[in-house]
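# Observations on chain architecture
The lines below spell out each chain.
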Amino acid sequence: MSVTMVLIPVAIAAAGTLFVKVEPLESDLIIFKTKMKNALILQKAVINLGYQPHILNRIQMEIQHEDMHINFQKNEDNTIQATFNENMSQKQAEAYIAEIYDEYTTLVQQQTYEKLLENIKNRNLNLESEEVTKDNSIVLTLTVQE
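These numbers were taken from a predicted model, which means no experiment stands behind them.

### Let's talk about the overall build of the protein
From N to C terminus, the protein includes three helices and nine strands. Seen in sequence order, the protein has helices and strands lined up from the N terminus as β-α-β-β-α-β-β-β-β-α-β-β. Taking all 146 residues of the protein together, the buried fraction comes to 32%. At a minimum sequence separation of 6, the contacts of the protein that also span at least 24 residues come to 52%. When the accessible surface of the protein is summed, it comes to about 9,400 Å², and 49% of that surface belongs to carbon and sulfur atoms.

What follows is the structure, encoded as structure tokens:
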């Protein structure tokens, strides 16, 4: 018996779906609450983009690049908040956070795919075929061993 699974890439439909602007206590700062939760994947994402993150503690990391300064911090709800320095316009800050979020979601998808393949090996399943479609979805056809 064959089973087909489709892994669909996470699409970023609109900026509002990936982060929410928070009104800061200090008027010069730009703060975004994101949907990101994994600090290690975030760290890898910013490194992949060519930034040098500075780990301040287990819930806080910062990036300084040219005139940009971003501070990432975990909130009580386990999501990561990004705070930009006063030299940044809202539009620039949105562009940076969208770029980072896009790389973050790509890494989450890769990790999910790798874990799925590992689980396939550990169960009574064989990977019969794998196809990447035009929209970067991955179609896996599995056979159940009897």
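Once you've had a look at it, read on.
### A short note on the packing of helix 2 (residues 39-48) against helix 3 (residues 90-122)
Packed helices, taken two at a time, are described by the angle between their axes plus the distance between the axes. Axis separation between helix 2 and helix 3 bottoms out at 9 Å; the angle between their running directions is 120°. With respect to each other, helix 2 and helix 3 are oriented oblique. For the pair helix 2 and helix 3, the crossing hand works out as right-handed. Contact residues: helix 2 offers Ile-41, Leu-42, Lys-44, Ala-45, Val-46 and Asn-48, while helix 3 offers Ile-100, Glu-103, Tyr-104, Leu-107, Val-108 and Gln-111. The residue inventory of the contact of helix 2 with helix 3, partitioned by class, reads eight nonpolar, two polar and two charged.

What counts and how
- Residues numbered from 1 in each chain as written.
- Predicted model: local features only at pLDDT ≥ 70, side-chain atom pairs only at ≥ 80, totals over all residues.
- Heavy atoms only, no water.
- Helix = DSSP H or I, 4+ residues; strand = E, 2+ residues; numbered from the N terminus.
- Buried < 20%, exposed > 50% of the residue type's maximum accessible area, 1.4 Å probe, protein only.
- Contact = heavy atoms within 4.5 Å.
- Areas by Shrake-Rupley, 256 points an atom, 1.4 Å probe, with all protein chains shown as cover.
- Axes fitted to C-alpha atoms, helices over the stretch in contact; angles between N-to-C directions.
- Parallel < 35°, antiparallel > 145°, perpendicular 65-115°, else oblique.
- Left-handed = near helix turned anticlockwise from the far one by under 90°.
- Nonpolar A, V, L, I, M, F, W, Y, C, P; charged D, E, K, R; others polar.

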